[in-house]
Amino acid sequence: MLRVACVGAGYFSQFHFEGWQRIADTKLVGVTNRDRAKAEAAGLPVFDTLEAMLTEARPDILDVIVSPQGHADAIRLAINHPLKAIICQKPFCTSLQEAEEMTAHAEDAGIPLIIHENFRFQPWFRAIRQHISDGAIGRPLQATFRLRPGDGQGPDAYLERQPYFQQMERFLIHETGVHYIDTFRFLFGDPLAVYSDLRRVNPAIAGEDAGYVLFDHADGVRVVFDGNRNLDHAAENTRCTMGEGLFEGTDGTLTLLGDGSVWLRKFGEIDATRILPPDNSPNFGGDCTHNLQAHVVHALTQGEGFENTAREYLTVAAIEAAIYKSSQEQSKVEL
């Protein structure tokens, strides 16, 4: 039985707590948060400090669910304890330099550091990758994802759920776009170059909330990320998939709809075949938080490799930096 402790009890922590509780090989043994009342609401043993929780609860896994400003301090403290793994929420740290430092510290301590980049664990992206690998669309040529969560309009945007979003000087790409940087890597490998055009639509927030990013991948594959948090798409829950996607090749097209269903249309045909049904999970994003947690537990118990190690995730951070550089310089940036 793996003992799990969590630092952070904000909005998104509910998905972490619930996910861990459904994994038979784990037991939640503690939570700590600056606002003790929020920690107590989780119904878990509450500790006043992270140090006290690590010492007294003796977790095997520390789940870091705080904002980027708190990642480095939590990791520096955690690596002094005999943990089997640390999982840290994204976006990882406050800068590429800080992320590199924390990665090195964890490696020196011999503790696996996994970044909670969960979108690649959404069932539709797993299905899309499998069908691309199986040759369902032939040779991939291009892909487009239109991010349309519809939650970014007006002066009260994000205040009810994650109010710190309004103060982030880098928002669309740093907070949200990193999901798709990682997902496109998962589907097509590392990009070779990026070009971006970022802008702010809602004046109530500090950072950019809309923009286009063009990724050049190997073998001539081009991927377009078209994000605008002020706009929505056709879905009962616009936060299910956060948008819609097309994945096109020489023999056909895979289409991701806002309900989580995936459809395959062969080249030259009119009708499409459903290859993945709509998502009926009550949990966030096709239960991707639980899926990532289960992956980490499986890797630990079976001695297998991890996806999304911090070392691997530094590539995502470097691509993110290139996207902001491209938008600022209005030019393509080679990677």
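Look a little higher up for the structure.
On to the overall build of the protein chain, then. Assigned secondary structure in the protein chain consists of nine helices and 14 strands. In summary, the protein chain has a C-alpha radius of gyration of 20 Å against a globular reference of 20 Å for 335 residues, a match within 12%. Its C-alpha atoms give the protein chain principal-axis dimensions of about 65 × 45 × 40 Å. Within the span of the protein chain, comprising 335 residues, buried residues form 55% of the whole. Counting only contacts in the protein chain whose residues sit at least 6 apart along the sequence, the fraction spanning at least 24 positions is 66%. As displayed, the protein chain has an accessible area near 14,500 Å², and 48% of this comes from carbon and sulfur atoms. When the 30 positive and 46 negative side-chain charges of the protein chain are each reduced to one mean point, those points stand 1 Å apart.

If you check helix α9 (residues 310–329), its first and last C-alpha atoms are 28 Å apart, about what 20 residues at 1.5 Å a residue would give, namely 28 Å. For α9, the complete set of buried residues consists of Ala310, Tyr313, Leu314, Val316, Ala317, Ile319, Glu320, Ala322, Ile323, Tyr324, Ser326 and Ser327. Of the surrounding secondary structure, the elements contacted by the buried residues of α9 are α5 (96–109), β5 (113–116), α7 (172–188), β7 (193–199), β8 (210–216) and β14 (333–334). With its phi angle positive at about 55 degrees, glutamine 330 sits one or two positions after the end of α9.

Let's shift gears to the packing of α7 against α9. The N-to-C vectors of α7 and α9 enclose an angle of 120 degrees; their axes lie 10 Å apart at closest approach. As the angle between them shows, α7 and α9 are arranged oblique. Handedness of the α7/α9 crossing: right-handed. On α9, the residues that touch Ile173, His174, Val178, Ile181, Asp182 and Arg185 of α7 are Glu312, Tyr313, Thr315, Val316, Ile319, Glu320, Ile323 and Tyr324. The residue inventory of the contact of α7 with α9, partitioned by class, reads eight nonpolar, two polar and four charged.

Below, the discussion takes up the nonpolar core. Membership of the largest hydrophobic core comes to 95 residues, with the highest contact counts inside it found for Leu62, Phe92, Phe215 and Phe225. Ranked by residues supplied to this core, first place goes to α7 with nine residues. Not counting the four nearest positions on each side in its chain, leucine 62 is found in contact with Ala5, Val7, Leu50, Met53, Leu54, Ala78, Leu83, Ala85, Ile86 and Ile87.

To continue, consider the pattern of salt bridges. Applying the stated criterion across every chain, the model contains 20 salt bridges. With a closest N to O distance of 3.6 Å, aspartate 182 and arginine 185 form a salt bridge. With a gap of three residues between them, aspartate 182 and arginine 185 both fall in helix α7, about one helical turn apart. The class of arginine 185 is buried, set by a relative accessible area of 8%. Among the salt bridges present, the one from aspartate 216 reaches lysine 332, with a minimum N-O distance of 2.7 Å. Placement of aspartate 216 in strand β8 and of lysine 332 in the loop between α9 and β14 is noted, with a sequence separation of 116 residues between them. Linked through salt bridges whose partners overlap, the residues forming this network are Arg120, Arg126, Asp182, Arg185, Asp190, Glu307 and Glu312.

Enumeration over the complete set of coordinates arrives at 16 aromatic pairs. Considering the side-chain rings of phenylalanine 119 and phenylalanine 284, the 6.2 Å spacing of their centres and the 45 degrees angle between planes classify their relative orientation as tilted. Linking phenylalanine 119 in the loop between β5 and α6 (123–133) with phenylalanine 284 in the loop between β13 (273–276) and α8 (288–302), this pair joins segments that are 165 residues apart in sequence. The exposure class assigned to phenylalanine 284 is buried, which follows from its relative accessible area of 11%. Aromatic pair tyrosine 158 and phenylalanine 165: ring centres 5.4 Å apart, planes at 65 degrees, arrangement edge-to-face.

Turning our attention to the pairing of β13. Direction of pairing for strand β12 (residues 262–266) relative to β13: antiparallel, over a ladder of three bridges. Paired with leucine 264 across the strands is threonine 273, a residue of β13. Here β12 hands over to β13 after six residues, with glycine 268 in that stretch at a positive phi of 85 degrees.

Here we come to the environment of valine 316. Turning to its location among the elements, valine 316 is positioned in helix α9. The spacing of valine 316 and arginine 36 is 280 residues in sequence and 33 Å in space, taken between C-alpha atoms. The residues contacting valine 316, other than those within four sequence positions of it, are Val178, Ile181, Asp182 and Arg185.

The strands making up a sheet associate through hydrogen bonds between their backbones, and the pairing can be parallel or antiparallel. Here we have nine strands laid out as an open sheet, ordered β13-β12-β11-β10-β6-β9-β8-β7-β14, and mixed in their pairing. With one partner strand each, in any of the chains shown, β13 and β14 form the two edges of the open sheet. As paired elements, strand β6 (residues 140–147) and strand β10 (residues 243–249) share seven bridges and run antiparallel to each other. Residue pairing in the sheet places alanine 143 in a bridge with phenylalanine 247 of β10.

Reading the values: rules and limits
- Residues numbered from 1 in each chain as written.
- Predicted model: local features only at pLDDT ≥ 70, side-chain atom pairs only at ≥ 80, totals over all residues.
- Heavy atoms only, no water.
- Helix = DSSP H or I, 4+ residues; strand = E, 2+ residues; numbered from the N terminus.
- Rg over C-alpha atoms; globule rule 2.2 N^0.38 Å.
- Buried < 20%, exposed > 50% of the residue type's maximum accessible area, 1.4 Å probe, protein only.
- Contact = heavy atoms within 4.5 Å.
- Areas by Shrake-Rupley, 256 points an atom, 1.4 Å probe, with all protein chains shown as cover.
- Lys, Arg positive; Asp, Glu negative; His and termini not counted.
- Charge placed at Lys NZ, Arg CZ, Asp CG, Glu CD.
- Expected span 1.5 Å × (residues − 1).
- Axes fitted to C-alpha atoms, helices over the stretch in contact; angles between N-to-C directions.
- Parallel < 35°, antiparallel > 145°, perpendicular 65-115°, else oblique.
- Left-handed = near helix turned anticlockwise from the far one by under 90°.
- Nonpolar A, V, L, I, M, F, W, Y, C, P; charged D, E, K, R; others polar.
- Core = buried A, V, L, I, M, F, W, Y, C linked by side-chain atoms within 4.5 Å.
- Salt bridge = Lys/Arg side-chain N within 4 Å of Asp/Glu carboxyl O.
- Phe/Tyr/Trp six-rings, centres within 6.5 Å; stacked < 30°, edge-to-face > 60°.
- Pairing = 2+ DSSP bridges.

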